[in-house]
Amino acid sequence: MTDRPRVVVIDDSTVIRGGFATVHPEVEVVATYASVEQFEAAPVACDVVVLDLLLRGPQGAGTGTKQGRAAIRAIRARGLPVCLYTDERRAIVLALCLRAGAHGVVHKSDQPAVTVGAIEDVRAGNVVVTQSLVGLTELLDRRGAPLDLSPRQRQVISGRARGRHWADIAGELYITEDTAREHYRAACAKLRSYLRHTSPGDIERAVGLAPGDVLDEP
């Protein structure tokens, strides 16, 4: 794809809504909204919805507006892929967002090129995860969760979980960087599939959390 991804940005920050297109000229921002409800009231066609995880309503955080997993589900119900754009770094919270239907996660502190790459990957149908979720993938696999990772996928995930560069991983495994990335994308897709088809209780046991730590709602 050579055309720019068309994105809708949903964020309660006027700075982010006003500056996203300037900071990320490689994407076409077709509309911005302060809430999911505004988007639902006047939706526009797009390739990817860039969604802030914590949206503040008129009375403060979480009041009078859909946010978190409820917001993800509302957008996914319209058949649109979601790329989270957030400051949240807790792996289990982000994992549950993937379970709710998000296709990707990037952080607001990431370099613009990282965000653009994530948006392009989400548009292409790939799953994009943060460093913390790479580590969670490795943890789940080691604890016997049925991720069905291949040996190569395990090796690539292990390297990325430790922050190793693509060139280092590819050189050690005698494969190209593109092949390493394909193994990585496949492993990320398996993580999302596992999360989407696994009960909160099973996720708790796999991660080693106490019962009730993982909630299915909101």
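As the structure is a computational prediction, the values presented were derived from the model and not from experiment. (Residues numbered from 1 in each chain as written. Predicted model: local features only at pLDDT ≥ 70, side-chain atom pairs only at ≥ 80, totals over all residues. Heavy atoms only, no water.)

Here's the deal with the overall build of the protein chain
Right, so step 1: Counting its regular elements, the protein chain contains 10 helices and seven strands.
Right, so step 2: The globule rule puts the C-alpha radius of gyration for 218 residues at 17 Å, and the 17 Å found for the protein chain is close to it.
Right, so step 3: Dimensions of the protein chain, computed from C-alpha atoms along their principal axes, come out at roughly 50 × 45 × 25 Å.
Right, so step 4: Sorting the 218 residues of the protein chain into buried and exposed places 46% on the buried side.
Right, so step 5: Within the protein chain, counting contacts between residues at least 6 apart in sequence, those at least 24 apart form 60% of the total.
Right, so step 6: A total accessible area of about 10,300 Å² is found for the protein chain, and carbon and sulfur atoms account for 50% of it. (Helix = DSSP H or I, 4+ residues; strand = E, 2+ residues; numbered from the N terminus. Rg over C-alpha atoms; globule rule 2.2 N^0.38 Å. Buried < 20%, exposed > 50% of the residue type's maximum accessible area, 1.4 Å probe, protein only. Contact = heavy atoms within 4.5 Å. Areas by Shrake-Rupley, 256 points an atom, 1.4 Å probe, with all protein chains shown as cover.)

A closer look at the sheet that holds strand 1 (residues 6–10)
Pairing between the strands of a sheet is mediated by backbone hydrogen bonds and can be parallel or antiparallel.
Right, so step 1: The five strands are arranged 2-1-3-6-7 in an open sheet whose pairing can be described as parallel. Two strands in the sheet have a free side with no partner beyond their single neighbour: strand 2 (28–33) and strand 7 (104–107). On average, each strand axis in the sheet is inclined to that of its neighbour by 25 degrees, with strand direction left out of account.
Right, so step 2: Direction of pairing for strand 6 (residues 82–86) relative to strand 7: parallel, over a ladder of four bridges. If you follow tyrosine 85 over to strand 7, its bridge partner there is valine 106. (Pairing = 2+ DSSP bridges. Axes fitted to C-alpha atoms, helices over the stretch in contact; angles between N-to-C directions.)

So, unusual backbone geometry
Right, so step 1: Its identity is not glycine, yet aspartate 148 carries a phi of approximately 60 degrees, on the positive side.
Right, so step 2: Its place among the elements puts aspartate 148 in the loop between helix 6 (131–142) and helix 7 (151–161).
Right, so step 3: Its identity is not glycine, yet tyrosine 174 carries a phi of approximately 60 degrees, on the positive side.
Right, so step 4: Along the polypeptide, tyrosine 174 turns up in the loop between helix 8 (166–173) and helix 9 (177–196).

Regarding the UniProt feature "modified residue: 4-aspartylphosphate" (unreviewed entry) in the protein chain
Right, so step 1: Taking the numbering used here, the UniProt-annotated feature "modified residue: 4-aspartylphosphate" (unreviewed entry) corresponds to Asp52.
Right, so step 2: You can call aspartate 52 buried: its relative accessible area is 6%.
Right, so step 3: Ignoring anything within four residues of it in the chain, the contact list for aspartate 52 reads Ile10, Asp11, Asp12, Tyr85, Thr86 and Lys108. (UniProt positions renumbered as here; feature names shortened; annotations may be inferred.)

Some remarks on the packing of helix 8 against helix 9
Right, so step 1: Two elements in contact, helix 8 and helix 9, have axes separated by 8 Å at closest approach and are oriented at 100 degrees. Taken together, helix 8 and helix 9 sit at an angle that is classed as roughly perpendicular. Along its contact with helix 8, which presents Trp166, Ala167 and Ala170, the element helix 9 presents Glu177, Ala180, Arg181 and Tyr184.
Right, so step 2: Grouping the amino acids of the contact of helix 8 with helix 9 by side-chain chemistry returns five nonpolar, no polar and two charged. (Parallel < 35°, antiparallel > 145°, perpendicular 65-115°, else oblique. Nonpolar A, V, L, I, M, F, W, Y, C, P; charged D, E, K, R; others polar.)

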